[in-house]
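Residue strings, one per chain:
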Amino acid sequence: IEVAKKHFIEKGYYKTNMEEIAKELDIAKGTIYNYFRSKGELFIEVLEVGINELLDSLREVVNSNYEPRVKLEKFIDILWDKFYEFRNPLSMPEISLKDFVFDKDIFPLYIEKIYPIISEFKVLVKRLIMEGIHKGQFKNLDISATGYFIGLSIKSFFMRFEEPVRYEDKEVIKEIILRGVLKL
């Protein structure tokens, strides 16, 4: 999984070659197909592992005893760091949303395996926002819209094509989100 992840990150989905992965692992290409029916299935497995690691970290923060403001800061840090790790595939124009939706090797598996996991992200961010509102630290904003904004603003920041994302941009994005959510 780690070798495939490295290839997907460096080359993107369509330019990743199963033969190169097999060569790096010093195995026959057919051996990979004993475990994964297709490159799409391997890609989804890489996503699933990464998203589950992300959710484990987010769960730990949301369930911690930190104050909601600190939880939100840590939540943003964790999201940013994971998106930063995958920043090259996210900004590659080689795979458009249309291509992704109509790719028979990826999309059905995405709906089956990844979508339910992402749904848990929504639950976690909403719990965090509700706690902040309940404790009087966050503005009384629409919980659903605020949760979507937090996730999508970070994700969208990495999907730009003009200039590379700098790691230090995280503090600017965090400040913008915090100013929008926190009672000052």
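Whatever comes next refers back to the structure up there.
Just so we're clear, the structure is a prediction, and the values are computed from it rather than from any experiment.

S.K.: Even after reading the chapter, I still don't get the overall build of the chain, so can you show me in this structure?
M.R.: When helices and strands are counted, the chain shows ten helices and zero strands. With respect to the three principal axes, the spread of C-alpha positions in the chain is 60 × 35 × 30 Å. Out of the 184 residues in the chain, the part that is buried amounts to 42%. Taking the intrachain contacts of the chain between residues at least 6 apart in sequence as the baseline, contacts between residues at least 24 apart amount to 69%.

S.K.: Could you clarify how one ought to interpret the pattern of salt bridges in this entry?
M.R.: If the charged atoms of two oppositely charged side chains come close together, the side chains can form a pair. The tally for this structure, following the rule as stated, stands at 21 salt bridges. For E45, the salt bridge goes to K113, with nearest N and O atoms at 3.9 Å. Remark: K113 occurs in helix α8 (residues 107-134) and E45 occurs in helix α4 (residues 39-62); sequence separation between them is 68 residues. The shortest N-O distance in the salt bridge between K170 and D77 comes to 3.5 Å. One end of the pair, K170, is in helix α10 (residues 169-181); the other, D77, is in helix α5 (residues 68-85), and 93 residues separate them in sequence. The class for K170 is buried, based on a relative accessible area of 8%. Among the ionic contacts, a cluster of salt bridges with common partners joins D77, D81, K170, E171 and K174.

S.K.: Honestly, α10 in this entry has me stumped. Any pointers?
M.R.: Spacing of three or four residues puts side chains on the same side of an α-helix, whose turn is 3.6 residues. Taking 1.5 Å per residue, 13 residues should reach 18 Å; α10 reaches 19 Å between its end C-alpha atoms and fits that length. Three or more residues of α10 are buried, namely D169, K170, I173, K174, I177, L178 and V181. In an axial view of α10, the angular spread of the buried residues amounts to 165°, which keeps them on one side of the axis. Exposed positions of α10 whose direction lies more than 90 degrees from the buried face are I176 and R179.

S.K.: Can you walk me through unusual backbone geometry in this structure?
M.R.: Most peptide bonds adopt trans geometry, and most residues besides glycine take a negative phi value. Residue D26 is not a glycine yet carries a positive backbone phi of 60°. Along the chain, the position of D26 falls in the loop between α2 (18-25) and α3 (29-35).

S.K.: How should the nonpolar core be read in this particular structure?
M.R.: Nonpolar side chains in soluble globular proteins generally cluster together in the buried interior. Ranked by internal contacts, the top residues of the largest apolar core, which has 46 residues, are L42, L58, L72, F75, L79, W80 and I154. For this core, the secondary structure elements donating two or more residues are α1 (2-11), α2, α4, α5, α8, α9 (143-157) and α10. Residues contacting L58, with those up to four places away along its chain left out, are F75, I78, L79, F121 and L124.

Thresholds, definitions, all that
- Residues numbered from 1 in each chain as written.
- Predicted model: local features only at pLDDT ≥ 70, side-chain atom pairs only at ≥ 80, totals over all residues.
- Heavy atoms only, no water.
- Helix = DSSP H or I, 4+ residues; strand = E, 2+ residues; numbered from the N terminus.
- Buried < 20%, exposed > 50% of the residue type's maximum accessible area, 1.4 Å probe, protein only.
- Contact = heavy atoms within 4.5 Å.
- Salt bridge = Lys/Arg side-chain N within 4 Å of Asp/Glu carboxyl O.
- Expected span 1.5 Å × (residues − 1).
- Arc of directions from axis to C-beta.
- Core = buried A, V, L, I, M, F, W, Y, C linked by side-chain atoms within 4.5 Å.

Structural measurements only, silent on function.
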